[in-house]
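# Chains, contacts and geometry: an overview
So you can see what is in the structure, the chains are spelled out below.
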Amino acid sequence: MKRISFPALISIAAAFAVFAAGSAHAHNLWLNPQEYSPEAGDTVEIGIGWGHHYTEDRTHQEVKDSTVQEISAIGPDGKTIDLAKKSASSYELETSKPGAYLVTARTSPVMFTTTPEGRKRGSREDVDKPIKCTAYNILAKTVIKAGGDDKNLEGQTGQKLEIIPLKNPAELEKGGTFPVRVLFDNKPISGIELKANYAGFEEKDASGHGHGHDAAAEATTDDDGEAEIRLEKQGHWIILLSHQTPYRDGDACDQSLHKSAFTFGVK
């Protein structure tokens, strides 16, 4: 049996640690609308959020032109609407008709592979001595409600991992709950952990200062893919969730990590 030297063991352990940290702390993508409940006919600015810490500031972090591969909306009539690009981090949606607009975005696909020398961009076939590869599928969604009825609030957009609101987000209030359904491949999925934070929430250390945990609210989907988020504070909120699946080509990569973020406001 081939022996592995102690330094090599350290390198491999470090590589696995880097991989675990990369999976846990990969960037999130989110949508920051200027207004969640505009009047029909208004044009709404939608900022692109990108990073680790959620904030309502629509321009808090510079986004590269290559970050967002696609952004669009499904209008009240079920038709797809292209958003007007103002900059890499800002788009505009014209709410020409009353009703709900389901806005979605996704990043360009990317793979990272851990090696004894650390984490590198590319597939298993692109690097030397690959240990484990992850393909990232990072998604974002929000709902803009410009009056009208709620008939298409629960409509599906076809996102690989998608949150469906089961209550009009425009009616959410502090102290209440937000019921949602989670779909994977357009089917309800159970056992998915949801973590929700409000803008300004900060995780603190274990010394007793601050919250001491990494989410303001947590929930897990039931057999119907449904869960409820308790809303303890007014303001801007985000729900984060992820799901891992084997990658379709095991020679190229080991797993796909699907990450999704849903943003909304609470009165």
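Further up the page is the structure itself.
For the structure given in this document, a descriptive report is provided here. Everything quoted here is computed from the prediction, not taken from an experiment.

## Here we look at the overall build of the protein chain
Helix and strand counts for the protein chain come out as one helix and 18 strands. In the protein chain, which comprises 267 residues, the proportion classed as buried is 46%. Within the protein chain, counting contacts between residues at least 6 apart in sequence, those at least 24 apart form 60% of the total. Accessible area of the protein chain: about 13600 Å², with a carbon and sulfur share of 45%.

## Some points on the environment of Gln-244
Considering the arrangement of structural elements, one finds Gln-244 in strand β17 (residues 235-246). For the pair Gln-244 and Asn-137, spaced 107 residues apart in the sequence, the C-alpha separation amounts to 10.0 Å. Discounting residues that sit within four places of it in the chain, Gln-244 has contacts with Gln-255, Ser-256 and Leu-257.

## A word on the sheet that holds strand β6 (residues 90-94)
Spatial ordering of the open sheet is given by β1-β2-β6-β5, a layout of four strands whose pairing is antiparallel. Only two strands of the sheet have a single partner each, and these edge strands are β1 (28-33) and β5 (84-87). Strand-to-strand twist across the sheet, computed as the mean angle between neighbouring axes with direction ignored, equals 30 degrees.

## A look at the side chain of Thr-113
Mapped onto the fold, Thr-113 is located in strand β8 (residues 110-115). A polar atom in the side chain of Thr-113 sits 2.7 Å from the backbone oxygen of Gly-122. Not counting chain neighbours up to four residues away, the residues in contact with Thr-113 comprise Gly-118, Arg-119, Lys-120, Gly-122, Ser-123, Arg-124, Val-127, Pro-130, Ile-131, Lys-132 and Cys-133.

## Here's the deal with the environment of Lys-86
Mapped onto the secondary structure, Lys-86 falls in strand β5. Judged by relative accessible area, which is 54%, Lys-86 ranks as exposed. In the structure, Lys-86 is positioned 41 residues away from Glu-45 in sequence and 9.0 Å away in space, judged by C-alpha atoms. Excluding its chain neighbours within four sequence positions, the residues that come into contact with Lys-86 are Tyr-91 and Glu-92.

## Description of the state of the cysteines
Counted by the stated rule, this structure contains one disulfide. With its sulfur 2.0 Å from that of its partner, Cys-133 forms a disulfide with Cys-253. The sign of the S-S torsion, about -90 degrees, decides the handedness of the disulfide formed by Cys-133 and Cys-253: left-handed. A residue pair is termed long-range when its members are at least 10 positions apart, and Cys-133 in strand β10 (residues 132-146) and Cys-253 in the loop between β17 and β18 (255-266) qualify at 120 residues. Neither residue differs from the other here; Cys-133 and Cys-253 are each classed as buried.

## Describing the packing of aromatic side chains
In the structure shown here, the tally under the stated rule is eight aromatic pairs. The interplanar angle of 80 degrees and the centroid separation of 5.7 Å between the aromatic rings of Trp-30 and Tyr-54 together place this pair among those described as edge-to-face. Taken together, the residues span a long stretch of sequence, with Trp-30 in strand β1 and Tyr-54 in the loop between β2 (43-51) and β3 (68-74) at a distance of 24 residues. With a relative accessible area of 1%, Trp-30 lands in the buried category. Measuring from ring centre to ring centre gives 6.1 Å for Phe-112 and Tyr-136, while their planes differ by 70 degrees; the resulting arrangement is edge-to-face.

## Remarks on the side chain of Ser-90
Within the secondary structure, Ser-90 is located in strand β6. Given the relative accessible area of 9%, Ser-90 is considered buried. Separated by 3.2 Å, the side chains of Ser-90 and Glu-45 make a polar contact. Ignoring anything within four residues of it in the chain, the contact list for Ser-90 reads Glu-45, Ile-46, Ala-84 and Lys-85.

## What to know about the nonpolar core
Core analysis: the largest hydrophobic core is formed by 31 residues, its most contacted members being Phe-178, Val-182, Ile-229, Leu-231, Trp-237, Ile-239 and Phe-264. Counting residues per element, this core draws most heavily on strand β12 (residues 177-184), at four residues. In contact with Phe-264, not counting residues within four places along its chain, are Tyr-36, Pro-169, Leu-172, Phe-178, Leu-231, Gly-235, His-236, Trp-237, Ile-238 and Ile-239. Ala-26, Ile-48, Ile-71 and Val-110 belong to the second largest nonpolar core, which has 24 residues in total.

## Looking at the environment of Lys-267
Looking at the secondary structure, you find Lys-267 in the segment after β18. Judged by its relative accessible area of 54%, Lys-267 falls in the exposed class. Counting along the chain gives 31 residues from Lys-267 to His-236, while the straight-line C-alpha distance between them is 9.1 Å. Among all residues touching Lys-267, those that are not within four sequence positions of it are Ala-170, Leu-172, Glu-173, Lys-174 and Gln-234. At a separation of 3.0 Å, a polar atom in the side chain of Lys-267 contacts the main-chain carbonyl oxygen of Ala-170.

Thresholds applied
Residues numbered from 1 in each chain as written. Predicted model: local features only at pLDDT ≥ 70, side-chain atom pairs only at ≥ 80, totals over all residues. Heavy atoms only, no water. Helix = DSSP H or I, 4+ residues; strand = E, 2+ residues; numbered from the N terminus. Buried < 20%, exposed > 50% of the residue type's maximum accessible area, 1.4 Å probe, protein only. Contact = heavy atoms within 4.5 Å. Areas by Shrake-Rupley, 256 points an atom, 1.4 Å probe, with all protein chains shown as cover. Pairing = 2+ DSSP bridges. Axes fitted to C-alpha atoms, helices over the stretch in contact; angles between N-to-C directions. Polar contact = N/O pair within 3.5 Å; in protein donor to acceptor, adjacent residues only side chain to side chain. Disulfide = S-S within 2.5 Å. Phe/Tyr/Trp six-rings, centres within 6.5 Å; stacked < 30°, edge-to-face > 60°. Core = buried A, V, L, I, M, F, W, Y, C linked by side-chain atoms within 4.5 Å.

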